[in-house]
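The primary structure of each chain is shown beneath.
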2 protein chains.
Amino acid sequence: MITRMSSLFLRTLREDPADAEVPSHKLLVRAGYVRRVAPGGYSWLPLGLRVLRNIEQVVREEMDAFGAQEIQFPALLPKEPYEATNRWTEYGPNIFRLKDRKGADYLLGPTHEELFALTVKGEYSSYKDYPVTLYQIQTKYRDEARPRAGILRGREFVMKDSYSFDLTDEGLSHSYKQHRDAYIRIFDRLGMEYVIVSATSGAMGGSASEEFLAVAPTGEDTFVRSTESDYAANVEAVTTPAPPEQSIEDKPAAQVHHTPNTPTIESLVDFLNAADLGRTFTAADTLKNVLVKLTQPGAKESTLLAIGVPGDREVDFKRLEAAVSPAEVSMLEESDFAKNSFLVKGYIGPGALQANGVRYLVDPRVVRGTAWVTGADKADHHVVDLVQGRDFTPDGVIDVAEVREGDPSPDGKGVLVAARGIEIGHIFQLGRKYADAFALDALGPDSKPIRITMGSYGIGVSRLVAAIAEQSHDERGLIWPRNVSPFDLHVVVAGKDEALAAGGEKLAGELSAAGLKVLLDDRKASPGVKFADAELIGVPTIVVVGRGLANGVVEVKDRRSGERVEVAVDEVVEHLRALVRG
Amino acid sequence: MITRMSSLFLRTLREDPADAEVPSHKLLVRAGYVRRVAPGGYSWLPLGLRVLRNIEQVVREEMDAFGAQEIQFPALLPKEPYEATNRWTEYGPNIFRLKDRKGADYLLGPTHEELFALTVKGEYSSYKDYPVTLYQIQTKYRDEARPRAGILRGREFVMKDSYSFDLTDEGLSHSYKQHRDAYIRIFDRLGMEYVIVSATSGAMGGSASEEFLAVAPTGEDTFVRSTESDYAANVEAVTTPAPPEQSIEDKPAAQVHHTPNTPTIESLVDFLNAADLGRTFTAADTLKNVLVKLTQPGAKESTLLAIGVPGDREVDFKRLEAAVSPAEVSMLEESDFAKNSFLVKGYIGPGALQANGVRYLVDPRVVRGTAWVTGADKADHHVVDLVQGRDFTPDGVIDVAEVREGDPSPDGKGVLVAARGIEIGHIFQLGRKYADAFALDALGPDSKPIRITMGSYGIGVSRLVAAIAEQSHDERGLIWPRNVSPFDLHVVVAGKDEALAAGGEKLAGELSAAGLKVLLDDRKASPGVKFADAELIGVPTIVVVGRGLANGVVEVKDRRSGERVEVAVDEVVEHLRALVRG
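Note that this is a predicted model, so its numbers are computed, not measured.

**Notes on the relation of the copies chain A and chain B**
Phase 1: With an RMSD of 0.1 Å, chain A superimposes on chain B once it is rotated by 180° and translated 0.0 Å along the axis. A rotation of that kind, with that shift, is consistent with a two-fold axis. Considering only C-alpha atoms, the residue of chain A closest to the rotation axis is A:L98, which sits at 2.6 Å.
Phase 2: A symmetric contact is evident, with 100% of the interface residues of chain A recurring at the interface of chain B.

Written out as structure tokens, the structure is:
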């Protein structure tokens, strides 16, 4: 079927929308793919819906290919299952809640772990029934505090969410691997540049977890990648390699120095270097002890935690939060220092911490045998050459110091550089949390119940439209990968005379008959307007029916490279069919 | 691709669900197509989702075929557009409402007239842009007071809603006709038995309006149809043919009779027949005057309306409500009779009504020249031979008497019989209500604005799954029309030996390679269990790979007729391909 621009419900815009900051948002609105209806709520106009459906179809095919089965749940869900897992409370203001006419509580589903677990429990009972993987491609809702960037972070969006149900941990690993492989095929088919990063689990709690991030400077997620390998990870998941332990024997004895007016690392280093101690100190030689309070879930009281990091690095609070989850972190207040008079602000050292029973964890770089300049637990005093394993022994290691560009890659290859990405997929070994909540068991061969273990896997289908647009555009407009493009070909009739119009119609008809999806610009507009719209809309191949037609040729233009070739009219259908079908 | 019963997420049930009353609900649950999640909220399991998608695809193809363009709106909608049309208020408790984290009001869209009108206004400006028809296939929400019958009347459901935008009334009529024709093709392709009935407009207000009703004894809607023609109509829309006028000259003069103890039509008729007046009276000879109060929209005071109907019929209040809409009808209370002492309860006649300025409308049967027994406005007195046009002259006609089986068909062919149906489609000339609300104008060729006129058209896509099941089942299970069935063929391996299993696999593989959708029952279950499941699931053609395989034949069974034929294995793929493709 030919789609004609003359009747297509599409009006392109010359100006960027006022509320748009990122390229995908600007271009998808300007090119008439989406329109804003409410904060974080967009309508899909004909071109946008075609792209969305194309992506859905790639996702569906790859899910079906490994035996996942598609089903569909309501989006309007009763409260009770989400109360059973405590997510009704945990989600806080991040979900939409409502009451029906009888006053019963409902939510608009953000993800459907509960419903899938309950449904499998309702249908399956024997170990012979397992494993099973179910999925849906569905509209989901989250009441984002700051919906942004058009469809990149909306409040109503389309997700593919799937759930695997296995009898054993090995089974879960296998299901996880199946999803991981399918996701790789999906994102490859969609022509994306992406990385797979180790992820922390967020609010869901569980074990193995990886995120697929589309590399884009406008992405909300930061990650690091190696300059010399495939290594990539969320900053929260980067592990710092420990240096080799050092000999304690040859280290000088610890000495306490009077270091007046040195409350900061910088002032301390300056003071030491001015003091002529026979060597040069840097911030990396100092050991900064940072105190926080931890509150375990359900606990009324918090406990102190001291973290020792090299003085040239800050504690990264996102890394800290991920490391201590589900405990919550808070800062010390003045009253905490008052209560714990052994904490001498600015001069805290391992000695007082350990003497007073404060749990003391150190950065992986603080290995046995390393010597440090640190607080002497006395105002205006520091200790030099305090040696780990001789003068103090930490309670353990915590890897929460900031990660910096230039740090060695954890896989030993190259160094880390920072990058930004858009989360387009997440795969996650949930384990037995939901099965426990609903007593989801299979009856085993010995008639004993086997608790099921679950995985949860998501792809942001509508977000992918924007993520692809972020990766694939130029200053003139969108450039769709073939598998995603709303049309295979954009045929532009470049001129107003009737022979061209007839030639365009004829060609479009032949291309359509050859099974290609054709957008025909048959409008009474100038060639310049038509070319600008074609560049903006971003169909990867543009066919120009223009002056050359009189000589039996049309021009085939590659939207991405801008390359143009003239092709004889009687060969062009086959030429384009080969081009499109690869 | 072959779908194997051994791994399909499907467990059929032997028992009807406790809450199910209608066949489609029982069978769709028993056969594992849907599962209840909440009141009026169902999940679609793999078989159900396939049927739903098949129906969606037929609808989409026929909409696209006449140039309607698919788009998609959010389901979560801001209040403001619905306030502009007053529907935010009018819907009352029938929509789901919610607030976001900032306290802004939202609703879950029941239909999208407002959003479509606003979107067209946003994109289009010139008369040259029109006409346009847009549609979506989308999840919709209504907070039904009594969700019932499974997916037949849910609170979350899938609808195709479309909207036409035209410059002129003639254009609207054309768009309406395009939809009507497309709906006929859709329901024909879906193999449905349906009628198109004239409908009243309900809450939407407008002009031409027809409903498509799937004929089913379990339907919620009653309608009447002719015994001898295609005539069918909602009871509200039936028009009563007026009998010929009669001569006044030959009628006896009106006489008032003392008729003690005759407060009812029956007692009056008995009294008159006992009084030996020289002829026999029936209830149809009496004129019953029914009083109601009408309140116009926005009015504070109600006004009286008197309705004269033959005494053998009641006033049908649904017909009355439809006839006087948007005014609201209420009954008289004792205080109304006290205020209007000329109303002598049980003996109300035209005389007092008209003398006191009460608007008096009569049934179409009360034509000029007809003589009636009616109240004499005096307790225990009636008047006989009160002649329309001589002794009283009504203010007009109102067609609200009950419609009965045996009444003549309005088209003059045959008589009416009552039937029940399920509303599966509704087409409706909205007119300019929504365009007026949003000032949706096109700039005309003379630069003057042209107010757009709209049509609104719906198909209950998810309801169709149930409606088809209501029409197409037997005591053993579902029987899907080919265009709807989740699979083209259900191949049953009837026996446990390995040759049969291998034969089934081979045949399923060949059929699948021939482009047919195959469900293969490869389970280690008895043939009896497999046959029962096949009948329940309802794929129209069942292929039995059984003992005959050794002799080179398989059995092809028609699910609906039960007919079985043996087909040679080397011919069966072509045989089945021809059968399925027609």
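**Remarks on the interface of chain A and chain B**
Phase 1: On the chain B side, the residues contacting the 54 residues of chain A number 54 residues.
Phase 2: Counting each side, the surface lost to burial between chain A and chain B is near 4,600 Å², with a carbon and sulfur contribution of 57%.
Phase 3: Broken down residue by residue, the surface that chain A buries against chain B is led by A:F9, A:R101 and A:E123, which jointly contribute 18%.
Phase 4: Scanning the region where chain A abuts chain B turns up eight salt bridges.
Phase 5: One salt bridge in this structure joins A:D100 and B:R155, with 3.0 Å as the shortest N-O distance.
Phase 6: When residues of the side of chain A that touches chain B are assigned to their parent elements, the largest contribution, five residues, is made by helix 2 (residues 46-65) of chain A.
Phase 7: For the side of chain A that touches chain B, a count of residues per class yields 30 nonpolar, seven polar and 17 charged.

**A look at the sheet that holds strand 14 (residues 255-258) of chain A**
All names here are of chain A.
Phase 1: The sheet built from three strands is open, its strands ordered 14-20-19 with antiparallel pairing. Looking at strand neighbours, the two that pair on one side only are strand 14 and strand 19 (371-375), the edges of this open sheet. Within this sheet the neighbouring strands show an average axis-to-axis angle of 25°, counted without direction.
Phase 2: Two strands pair when backbone bridges link them, and strand 14 and strand 20 (residues 381-387) are joined in this way by four bridges, in the antiparallel orientation. By the bridge assignment, Q255 is partnered in strand 20 with V384.

**Details of the domain arrangement of chain A**
Phase 1: In terms of domain boundaries, chain A breaks down into domain 1 (2-238 + 418-470), domain 2 (255-397) and domain 3 (487-581).
Phase 2: On a C-alpha basis, the centres of domain 2 of chain A and domain 3 of chain A stand 69 Å from each other.

**Things to note about the pattern of salt bridges**
Phase 1: With the rule as written, the count across this model stands at 99 salt bridges over all chains.
Phase 2: The shortest N-O distance in the salt bridge between B:E236 and B:K318 comes to 3.6 Å. Here the residue B:E236 occupies a position in the loop between strand 13 (232-234) and strand 14 (255-258), and B:K318 occupies one in helix 8 (residues 317-324), the gap between them amounting to 82 residues.
Phase 3: A cluster of three or more residues bridged by salt bridges with shared partners is formed by A:D474, A:E475, A:R476, A:E535, A:K557 and A:R559.

**Comments concerning the side chain of A:D129**
Phase 1: Mapped onto the fold, A:D129 is located in the loop between helix 5 (113-123) and strand 8 (132-141).
Phase 2: For A:D129, the side chain forms a polar contact with the main-chain nitrogen of A:S125, separated by 2.9 Å.
Phase 3: Aside from chain neighbours lying at most four places away, what touches A:D129 is A:Y124 and B:R11.

**Brief notes about the environment of B:E123**
Phase 1: The topology assignment puts B:E123 in helix 5 (residues 113-123).
Phase 2: For the pair B:E123 and B:K557, spaced 434 residues apart in sequence, the C-alpha separation works out to 54 Å.
Phase 3: For B:E123, the residues in contact, after removing those within four places along its chain, are A:F9, A:R11, A:R35 and A:L45.

**Here we look at the nonpolar core**
Phase 1: Of all hydrophobic cores here, the largest spans 76 residues; its most connected members are A:L108, A:F165, B:L108 and B:F165.
Phase 2: When near neighbours in sequence (up to four residues on either side) are disregarded, B:F165 contacts B:F116, B:A117, B:V120, B:Y130, B:P131, B:V132, B:L440, B:I452, B:T453 and B:M454.

**As for the sheet that holds strand 15 (residues 287-295) of chain A**
Residues and elements named next belong to chain A.
Phase 1: The mixed open sheet is built from five strands, whose spatial order is 17-15-16-18-21. Of all the strands in the sheet, just strand 17 (328-331) and strand 21 (396-397) have a single pairing partner and so form its edges.
Phase 2: Against the sheet, helix 8 (residues 317-324) touches strand 15, strand 16 (303-310) and strand 17, its axis set at about 135° to strand 17.

Procedures and definitions
Residues numbered from 1 in each chain as written. Chains lettered and ligands numbered in written order. Predicted model: local features only at pLDDT ≥ 70, side-chain atom pairs only at ≥ 80, totals over all residues. Heavy atoms only, no water. Least-squares fit on C-alpha atoms with pLDDT ≥ 70 in both. Contact = heavy atoms within 4.5 Å. Buried area = accessible area lost by both parts, 1.4 Å probe. Salt bridge = Lys/Arg side-chain N within 4 Å of Asp/Glu carboxyl O. Helix = DSSP H or I, 4+ residues; strand = E, 2+ residues; numbered from the N terminus. Nonpolar A, V, L, I, M, F, W, Y, C, P; charged D, E, K, R; others polar. Pairing = 2+ DSSP bridges. Axes fitted to C-alpha atoms, helices over the stretch in contact; angles between N-to-C directions. Domains from an automatic or database assignment. Polar contact = N/O pair within 3.5 Å; in protein donor to acceptor, adjacent residues only side chain to side chain. Core = buried A, V, L, I, M, F, W, Y, C linked by side-chain atoms within 4.5 Å. Buried < 20%, exposed > 50% of the residue type's maximum accessible area, 1.4 Å probe, protein only.

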